[in-house]
Amino acid sequence: MSTAIFLICLTGLTEPKPPPRLEGGYARGFALESQALKAASPGGLGAERRPPVEKTLAPLVQALEEGDALKIKETLGDLHPQEILEVWDELRGEHRYVILTLLSKEKAAGVFAELAPEAQAEYLRTLPPWRVREILGELSLDDLADALRALEEEDPKAKARLLEELDPKTRSEVESLLLYPEDEAGGLMTPEYIALREGMTVEEVLRFLRRAAPDAETIYYLYVVDDGGRLKGVLSLRDLIVADPRTRVKEIMNPEVVHVRTDTDREEVARLMADYDFTVLPVVDEAGRLVGIVTVDDVLDVLEEEATEDIHRLGGVDVPDLVYSQAGPLALWLARVRWLVILILTGMLTSSILKGFETTLEAATALAFYLPVLLGTGGNTGNQSATLIVRALATRDIGLEDWPRILRKEALVGGLLGLTLAFLLLGKVLWDGHPELIPVVGLALWVLVLLANLVGALLPLLLRRLGVDPALVSNPLIATLADVMGLLVYLSVARLILKL
């Protein structure tokens, strides 16, 4: 670390403010704030007032290089946490450390909450203790639990130490959240919600909100519970504002509440929120007691992670949580080599097939001219149908019970595609002066496209039936299977028709 950077860190470490106690004064998510500002401005967040981030980055980097703490603080004061995150990967490691040290505690928490778990764990171990306490004190409970969960994987003792420094109420709530798996609704939810009683009047609720709102994740939807904490209804802030102050909550609430249980898979949570256009979804335990809410910012993260996982699998990359910019050559090799080994072993079948049809190829060498286009077309056709079916399964557009309809539909589509593509390829065969190969090439391509289309459509359904993620039907796997089928079909048809 350079002398300038060391002096900046020293300045942060000796800051006169005493470290605050962690008593649950949580800053609400900057992501939701950004969404609201974007919705209010057609040009996006501060589009008419803020200069481009690149223009702000230059003086920030210059101040960091010079070690000018006052200038750094002044520059950071003009930036929204999301703007800092946009250039985060371009900053040097020691510069990121300084930024997290000198930012206001609210903005530091906003930046910290959006970092990768590994980075969060690293900063919790290396930042000054007073800054760690400030950041944790500003995080919402779900983000706080996620950060400590990330730290536990790297340094369980450090996680236990930070947990002990929390006030008893916060520690109890965080420990409850840490009991739930990350991939379930319980691992996504926050217990910072507002619960009402049926007998309260609108006037009483509004007075209650003025006191409770600062510590709640959101107040736009309020949930009604009975004396046992069981979920009974929901009403919106809009319902409250337009209602008569003397009206009882029971009279204006909606008793039909869409909710999930703590053990509901996070993909199902995301699907429900997308289907109903919800910004928040209540979570209940096995007894129907309200225990938390899931907000849209957490679901957006889930959707991004699941989409990334599916894309990696479709490409034959076997590490769903891979972050390319942070992965080294060895990690990338491990992520890719497994599927490539499987595919090359499968691909070796093609050489065996070619050897078995050696006499056929020797008797009609022109057959080899059209092998690449046939095999490529078969692979492309299978990939198309597999992609459509995997996506339809993910969005619940189709289910396993639809397989007969899918089989009929894809057989018809495959037949039509085969006729179209065969017609085009036969023109090339005629142009090359090989009319004797027209029936061979035409029939082989038609059969191959039909088979590849059916395999690409039915293989994801088979995997779903076996309880395996259909996204495992990677494009390279389909292409390899199509190559094997293509060689068998093409050379068998050639041997049959040409009597070789």
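Up top you'll find the structure we're talking about.
Reading the values: the criteria
Residues numbered from 1 in each chain as written. Predicted model: local features only at pLDDT ≥ 70, side-chain atom pairs only at ≥ 80, totals over all residues. Heavy atoms only, no water. Salt bridge = Lys/Arg side-chain N within 4 Å of Asp/Glu carboxyl O. Helix = DSSP H or I, 4+ residues; strand = E, 2+ residues; numbered from the N terminus. Buried < 20%, exposed > 50% of the residue type's maximum accessible area, 1.4 Å probe, protein only. Pairing = 2+ DSSP bridges. Arc of directions from axis to C-beta. Contact = heavy atoms within 4.5 Å. Patch = residues over 30% accessible without salt bridge, like charges linked within 9 Å, V, L, I, M, F, W, Y side chains within 5 Å. Areas by Shrake-Rupley, 256 points an atom, 1.4 Å probe, with all protein chains shown as cover. Lys, Arg positive; Asp, Glu negative; His and termini not counted. Charge placed at Lys NZ, Arg CZ, Asp CG, Glu CD. Axes fitted to C-alpha atoms, helices over the stretch in contact; angles between N-to-C directions. Parallel < 35°, antiparallel > 145°, perpendicular 65-115°, else oblique. Phe/Tyr/Trp six-rings, centres within 6.5 Å; stacked < 30°, edge-to-face > 60°.

Trainee: Looking at this model, I keep getting lost on the pattern of salt bridges. Mind explaining?
Mentor: Pairing between side chains of opposite charge can happen when the charged atoms of each approach one another. The final tally for this structure, using the stated rule, is 19 salt bridges. Put simply, Glu122 and Arg125 hold a salt bridge, and the shortest N to O gap is 2.7 Å. Taken together, the residues Glu122 and Arg125, both in helix H8 (residues 117-126) and 3 residues apart, mark about one turn of the helix. The exposure class assigned to Glu122 is partly exposed, which follows from its relative accessible area of 35%. Here Arg125 falls in the partly exposed class, since its relative accessible area comes to 36%. Glu165 is paired through a salt bridge with Arg133; the nearest N and O atoms lie 4.0 Å apart. With Glu165 in helix H11 (residues 156-165) and Arg133 in helix H9 (residues 129-138), the pair connects residues that are 32 residues apart, well separated along the chain. The partly exposed category is assigned to Arg133, whose relative accessible area is 23%. By sharing partners, the salt bridges in this structure join Glu65, Arg92 and Glu94 into a single network.

Trainee: What exactly am I supposed to notice about the pairing of strand S5 (residues 280-284) here?
Mentor: If a strand is regular, its side chains alternate between the two faces of the sheet. Burial runs high along S5: 5 of the 5 residues are buried. Going residue by residue along S5, you find Val280, Pro282 and Val284 tucked away on one face and Leu281 and Val283 tucked away on the opposite face as well. Pairing of strand S4 (residues 260-261) with S5, which is carried by 2 bridges, proceeds in the parallel orientation. Within S5, the residue paired with Arg261 across the bridge is Val284. Linking two consecutive strands that pair antiparallel, namely S5 and strand S6 (residues 290-295), is a turn of 5 residues; a positive phi of about 85 degrees is found at Gly288 within it.

Trainee: How should I be thinking about the sheet that holds strand S2 (residues 221-225) in this particular structure?
Mentor: Either a parallel or an antiparallel arrangement is found when strands of a sheet pair, and the pairing is made through backbone hydrogen bonds. In spatial order, the strands read S1-S2-S3; together these 3 strands make up an open sheet with mixed pairing. Strands with a single pairing partner mark the edges of an open sheet, and in this sheet they are strand S1 (195-196) and strand S3 (231-236). By the bridge criterion, 2 bridges tie S1 to S2 in an arrangement that is parallel. Bridged to Ala195 within S2 is Tyr223.

Trainee: Would you explain helix H14 (residues 202-212) in this entry?
Mentor: Helical periodicity: at 3.6 residues per turn, an α-helix aligns residues three or four positions apart in one direction. The complete set of buried residues in H14 reads Val202, Val205 and Leu209. With its buried residues spanning 55 degrees around the axis, H14 presents them on a single face. Relative to its buried face, H14 has exposed residues pointing more than 90 degrees away, namely Arg210 and Arg211. Looking at the packing, one finds that the buried side of H14 touches S1, S2, helix H15 (237-242) and helix H16 (249-252).

Trainee: I'm lost on a negative patch on the surface in this one. Help?
Mentor: Among the surface-exposed residues, Glu118, Glu153, Glu154, Glu182, Asp183, Asp265 and Glu267 lie close enough to one another that they form a single negatively charged patch. Its location among the elements puts Asp265 in the loop between S4 and helix H17 (266-276). Since its relative accessible area comes to 37%, Asp265 is described here as partly exposed.

Trainee: Quick question: what am I supposed to make of the packing of helix H19 (residues 329-356) against helix H24 (residues 475-498) here?
Mentor: Helix packing geometry: the angle between the two helix axes and the distance between the axes. Running from N to C, H19 and H24 point in directions that differ by 5 degrees, and their axes come no closer than 9 Å. Considered as vectors, H19 and H24 are oriented roughly parallel to each other. Each of Trp339, Leu343, Thr346, Gly347, Leu349, Thr350, Ile353, Leu354 and Gly356 in H19 lies in contact with H24, whose residues at this interface are Pro476, Leu477, Thr480, Asp483, Val484, Leu487, Leu488, Leu491 and Arg495.

Trainee: Would you mind showing me how to read the packing of aromatic side chains here?
Mentor: The description of two aromatic rings rests on the distance between their centres and on the angle between their planes. Under the definition given, this model contains 3 aromatic pairs. Between Trp88 and Tyr123, the aromatic rings sit 6.4 Å apart at their centres with planes inclined by 75 degrees, giving edge-to-face as the arrangement. Residue Trp88 is found in the loop between helix H5 (81-86) and helix H6 (93-102), and its partner Tyr123 is found in helix H8; the two are separated by 35 residues along the sequence. Plain terms: the ring middles of Phe369 and Tyr370 are 6.4 Å apart, the flat faces sit at 70 degrees to each other, and that makes the pair edge-to-face. For Phe369, a relative accessible area of 54% corresponds to the exposed category.

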